[in-house]
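Here is what each chain is made of, one letter per residue.
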Amino acid sequence: MKTYFNWSSGKDSALALYKILQDPTYDLDVLVTTINKDFDRVSMHGLRNDLLLKQAKSIGITLKTIEFPADVTMDSYAEIMKEAMDSLVAKGYSHAIFGDIFLEDLKAYRDIKLAEVNITGVYPLWKRDTKEILQEFLDLGFKAITVCVNAKVLGEEFVGRVIDAQFIKDLPENVDVCGENGEFHTFVFDGPIFKNPIDFKIGEKVLRSYTLQDHEEDTSHQATKEKPNHDNSFWYCDLV
């Protein structure tokens, strides 16, 4: 079945991709990633696009990016995604892979949107224990570093850290070990899906705060220095 993979550049995507590549059911030949075109970075993760390109090259699978403006509304997001999926359907794609684990609302939203264009969602990690997932990730030889953490639940010391046994031990009890609730996002730089490790250097760390726009249907965020909201603040670690 002609299949595309929703690639986030992080650990859950990497493990899901590893599993799907071993399943002959799926003919997977493209990675799809959403990016912020105003900042030239991966959406949510804040990862520079050049590192995303290096990942795809090392994996050996074609990369397709879907560009969004920084101030994207829910309606415009849906419109851009629909156009991108229509393009994939026109090329014969019938299945889409995701690295989601247990967020029911997110999966339901994805499945509704996929059904609109007759694409079937596939979730290799769905409902697995997150501790087991992360341990398997490490046991397979994958390596990842945190690039974004939610300042509401994790401090600056957690961003720019390699995921290892000590990182897991240091996580507060209320934080999911895979960050499935958005507590942290990662960049995978080595592992069995890569032909070679991705070289990078750790850059500056910065705290960015956001406020929701006034429109009820608008889920985009606007950065603000004058009125930061700690519930919508994130520590980012720039990788170069």
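Coordinates for the structure precede this section.
Every value quoted in this text rests on a predicted model; they were computed, and no experiment measured them.

Visitor: Summarise unusual backbone geometry; cite the residues concerned and give the values.
Guide: Unusually for a residue other than glycine, Asp40 sits at a positive phi of about 60°. With respect to the helices, strands and loops of the structure, Asp40 is situated in the loop between strand E2 (27–36) and strand E3 (41–42). Its relative accessible area of 46% is what places Asp40 among the partly exposed residues.

Visitor: With reference to specific residues and values, describe the packing of aromatic side chains.
Guide: Using the criterion set out here, one finds 11 aromatic pairs in the structure. With centroids separated by 6.1 Å and ring planes inclined at 90°, the aromatic side chains of Tyr18 and Phe142 adopt a geometry described as edge-to-face. Here Tyr18 is found in helix H1 (residues 11–20), whereas its partner Phe142 is found in the loop between helix H5 (130–139) and strand E7 (143–150), with 124 residues between them in sequence. Ring pairing ties together the aromatic residues Tyr18, Phe137 and Phe142, which thus form one cluster.

Visitor: Describe the layout of surface pockets, listing the residues and the values that go with them.
Guide: Space left empty within the atom packing is revealed by a probe, the size of a water molecule, rolled over the atoms. The volume enclosed by the second largest pocket comes to roughly 150 Å³. Residue lining of the second largest pocket: Thr130, Lys131, Ile168, Leu171, Pro172, Glu173, Val175, Asp176 and Val177, and that is the complete set. In terms of residue class, the lining of the second largest pocket is built from 5 nonpolar, 1 polar and 3 charged.

Visitor: Lay out the pattern of salt bridges with the relevant residues and their values.
Guide: Considering all chains together, one arrives at 12 salt bridges under this definition. Among the salt bridges present, the one from Lys82 reaches Asp86, with a minimum N-O distance of 2.9 Å. Of this pair, Lys82 and Asp86 both sit in helix H3 (residues 74–90), 4 residues apart, roughly one helical turn. In this structure, Lys113 and Glu116 form a salt bridge, with 3.9 Å as the shortest nitrogen-oxygen distance. Among the residues examined, Glu116 registers a relative accessible area of 48% and is labelled partly exposed. Three or more residues are tied together by salt bridges with common partners; here these are Lys19, Arg128 and Glu136.

Quick notes on the rules
- In every chain, residue numbers begin from 1 and rise along the written sequence.
- In keeping with the predicted nature of the model, local features appear solely for residues at pLDDT of at least 70, side-chain atom pairs appear and are counted solely at 80 or more, and the whole-chain, interface and lining totals rest on all residues.
- Excluded from the side-chain calculation are hydrogens and water; included are all heavy atoms of the structure.
- Starting at the N terminus, helices and strands are each numbered in turn, a helix being any DSSP run of H or I of at least four residues and a strand any DSSP run of E of at least two.
- A simple rule labels every residue: compare its accessible area, found with a 1.4 Å probe on the protein chains alone, to the largest value its type can have, and call it buried under 20%, exposed over 50%, or partly exposed in between.
- Only Phe, Tyr and Trp rings are paired, with Trp represented by its six-membered ring, and only when their centres lie within 6.5 Å; those with planes under 30 degrees apart are stacked, over 60 edge-to-face, the remainder tilted.
- Both cavities and pockets are sets of points on a 1 Å grid over the protein atoms alone; in a cavity a 1.4 Å probe fits but cannot get out, in a pocket the set is open with protein on both sides within 12 Å along at least five of seven lines, and lining residues sit with an atom within 4 Å of a point.
- Grid points are joined across faces, edges and corners, and a volume is the space filled by probe spheres set on the points.
- Just so you know the grouping, Ala, Val, Leu, Ile, Met, Phe, Trp, Tyr, Cys and Pro go in nonpolar, Asp, Glu, Lys and Arg go in charged, and all remaining residues, Gly too, go in polar.
- Salt bridges are counted wherever a side-chain nitrogen of Lys or Arg sits within 4 Å of a carboxyl oxygen of Asp or Glu.

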